[in-house]
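Descriptive structure summary
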Amino acid sequence: MALTAGIVGLPNVGKSTLFNAITKKHILAANYPFATIEPNVGVVIVPDKRLDFLNELYQPKSLVPTTFEFTDIAGLVSGASHGEGLGNKFLSHIREVDAIVEVVRCFEDKNIIHVNETVNPIRDIEIINIELVLADLEVVENRLNRIGKKAIMSKDKESLTELEVLTKIKESLLKNFPIRRMDLTTLEKEIIKPFNFLTSKPIIYMANVNEEDLLNKNNHHVINVEGYAEAENAKVIKVCAKIEEELSDLDDEEKNQFLNDLGIEESGLDKLIKATYSLLGLETFFTAGPDEVRAWTFKKGMKAPECAGIIHTDFQKGFIRAEIFSYYALEKYGNEKLVKEAGKVRLEGKDYLMQDGDICYFRFNV
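Residues numbered from 1 in each chain as written. Predicted model: local features only at pLDDT ≥ 70, side-chain atom pairs only at ≥ 80, totals over all residues. Heavy atoms only, no water.

1. Overview of the overall build of the chain
- Each helix and strand counted, the chain has 14 helices and 12 strands in total.
- Buried positions account for 48% of the 366 residues belonging to the chain.
- For the chain, long-range pairs separated by at least 24 residues make up 69% of all intrachain contacts whose partners lie at least 6 apart in sequence.
- With the model as given, the accessible surface of the chain reaches about 18,800 Å², and the carbon-plus-sulfur share is 50%. (Helix = DSSP H or I, 4+ residues; strand = E, 2+ residues; numbered from the N terminus. Buried < 20%, exposed > 50% of the residue type's maximum accessible area, 1.4 Å probe, protein only. Contact = heavy atoms within 4.5 Å. Areas by Shrake-Rupley, 256 points an atom, 1.4 Å probe, with all protein chains shown as cover.)

Set out below in structure tokens:
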């Protein structure tokens, strides 16, 4: 279950520089609009210190962390939903991602062109968000035109329910109110799921600042973005794309030293991954042995058979039970033998809700 996020923003806000940094994939980053034409996709490893401990303990032949996939979308402009700046093409690339990361320029620099001439992050956010709303509105209206009369005439229950929820969504979008802020029932969410609405996706705002403002809590641009985000229960990550780019060329030891010198506890990428995991309700379980130690991403609330299915569909089909102990118990006692002797190994059945940090051995029979 690889996590996917689409990076969006106006031209020249630092999107591609940030993408280069966090994926170490040096794509074109230029000081002019539409330097990125096709969506660039990069995969990064999700940092997890628990893997270091498991690797040291088991000395496996293979160590497999979880991954985070970024898609860098070309700079959007006002009118993107109607094709301005090749916007329709770019918006379509975002529909398949799990979350949207919107990069917002929060620094002043006369040497870097701003597509709207001045730095105003709230205006920039609203330009992007309006385009996402308009793109969703077009999808809703097209669907309503297709099923509206047919649903009423046929009186088909499922069609009428779809008609009702799409009408409610249309009214919300016309008020510039994104779907993610609507109070939809579980059934309504299931009905609209196939549409992959842009404004239904959770969003994180990345406030791109200069180096001097990374530790400064008084940047008024960032304060404004935080206020805007709070109103829709979204998160804000403050980041300096230039520093992230420098960090990308360092090994782990050099990276930690650089962060310490700057007085920063963790990189912008690490903050972004943690925030996105929290936003999407994601957690990690492990499989561990001499052949392989591996981290697996699952959604909070998933049961043991579903998590077994993440490894292989046969594991879920023929699930018998799972032998489980906590990573934290293993860390405390030092090895599996001592964990078992302490009575911390459990056999769990089909109704067991998986927990973050579970180490599992799935028993199945197909």
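Further notes follow.
2. Some points on the environment of Ile 147
- Position of Ile 147 among the secondary structure elements: in helix α4 (residues 121-154).
- Residue class for Ile 147 comes out buried when judged on its relative accessible area of 10%.
- Along the sequence, Ile 147 and Leu 160 sit 13 residues apart, while their C-alpha atoms lie 8.9 Å from each other.
- Setting aside residues no more than four positions away along its own chain, Ile 147 makes contact with Ser 159, Glu 162, Leu 163 and Leu 166.

3. Notes on a negative patch on the surface
- On the surface, Asp 52, Asp 251, Asp 252, Glu 253 and Glu 254 cluster together to form a negatively charged patch.
- Counting residues per element, the negative patch draws most heavily on helix α9 (residues 252-262), which supplies three residues.
- Structurally, Glu 254 is set in helix α9. (Patch = residues over 30% accessible without salt bridge, like charges linked within 9 Å, V, L, I, M, F, W, Y side chains within 5 Å. Salt bridge = Lys/Arg side-chain N within 4 Å of Asp/Glu carboxyl O. Lys, Arg positive; Asp, Glu negative; His and termini not counted. Charge placed at Lys NZ, Arg CZ, Asp CG, Glu CD.)

4. Side note on the confidence of the model for the chain
- When pLDDT is averaged across the chain, the result is 85; 88% of the residues are at 70 or more.
- Low pLDDT (under 50) marks residues 26-37, which in the prediction has 32 contacts with non-local residues, meaning those over four places away or in another chain.
- Of the regions scoring below 50 in pLDDT, residues 80-88 engages in 20 contacts with residues more than four places distant in sequence or in other chains. (pLDDT = per-residue confidence, 0-100.)

5. Some remarks on the nonpolar core
- Judged by nonpolar contacts, the single largest core of 57 residues is most densely connected at Phe 68, Phe 70, Ile 94, Tyr 205 and Met 206.
- Residues Leu 137, Ala 151, Ile 169 and Met 182 belong to the second largest nonpolar core, which totals 16 residues. (Core = buried A, V, L, I, M, F, W, Y, C linked by side-chain atoms within 4.5 Å.)

6. Things to note about the environment of Ala 99
- In this fold, Ala 99 is placed in strand β5 (residues 99-105).
- Assessed through its relative accessible area of 1%, Ala 99 is described here as buried.
- Each C-alpha atom, one on Ala 99 and one on Ala 5, is 4.8 Å from the other, the two residues being 94 residues apart in sequence.
- If sequence neighbours within four positions are ignored, Ala 99 has contacts with Thr 4, Ala 5, Gly 6, Pro 202, Thr 276 and Leu 280.

7. Examining the pairing of strand β7 (residues 235-239)
- As judged from the five bridges shared by strand β6 (residues 203-208) and β7, these two strands associate in the parallel manner. By the bridge assignment for β7, Asn 208 is matched with Val 239.
- Between β6 and its parallel partner β7, the chain crosses via helix α7 (residues 220-231), and the hand of that crossover is right-handed. (Pairing = 2+ DSSP bridges. Right-handed = clockwise from strand over helix to strand, strands pointing away.)

8. Regarding the pairing of β6
- Most of β6 is tucked away, with six of its six residues classed as buried.
- For β5 and β6, the ladder comprises six bridges, and the chain directions are parallel. Bridge pairing in β6 places Ile 100 opposite Ile 203.

9. A word on the side chain of Thr 199
- With respect to the helices and strands, the residue Thr 199 is situated in the loop between α6 (186-192) and β6.
- Owing to a relative accessible area of 2%, Thr 199 belongs among the buried residues under this scheme.
- If we skip the residues at most four places from it in the chain, Thr 199 touches Leu 132, Val 133, Asp 136, Leu 173, Pro 178, Ile 179 and Arg 180.

10. Quick notes on the sheet that holds β6
- Ordered by their spatial adjacency, six strands build an open sheet running β2-β4-β1-β5-β6-β7, and the pairing between neighbours is mixed. The open sheet is flanked by β2 (40-45) and β7, the only strands paired with a single partner. This sheet shows a mean twist of 25° between the axes of neighbouring strands, independent of strand direction.
- Examined bridge by bridge, β2 and strand β4 (residues 67-72) share six bridges and lie antiparallel to one another. What sits directly across from Val 44, in β4, is Phe 68.
- In this fold α4 packs onto β1 (3-8), β5 and β6, with an angle of close to 145° to the strand it touches most, β5. (Axes fitted to C-alpha atoms, helices over the stretch in contact; angles between N-to-C directions.)

11. What to know about the pattern of salt bridges
- Overall, the coordinates contain 15 salt bridges when judged by the stated rule.
- Its salt-bridge partner being Glu 162, residue Arg 143 comes within 2.6 Å of it at the nearest N-O pair. With Arg 143 in helix α4 and Glu 162 in helix α5 (residues 157-174), the pair connects residues that are 19 residues apart, well separated along the chain.
- Take Arg 143: its relative accessible area is 25%, and that puts it in the partly exposed class.

12. Here we look at α5
- In this model α5 runs 26 Å from its N-terminal to its C-terminal C-alpha over 18 residues, within 8% of the 26 Å that 1.5 Å per residue would give.
- Against the buried residues of α5 lie α4 and α6.
- Following α5 by one or two positions, Asn 176 adopts a phi angle in the positive range, close to 60°. (Expected span 1.5 Å × (residues − 1).)

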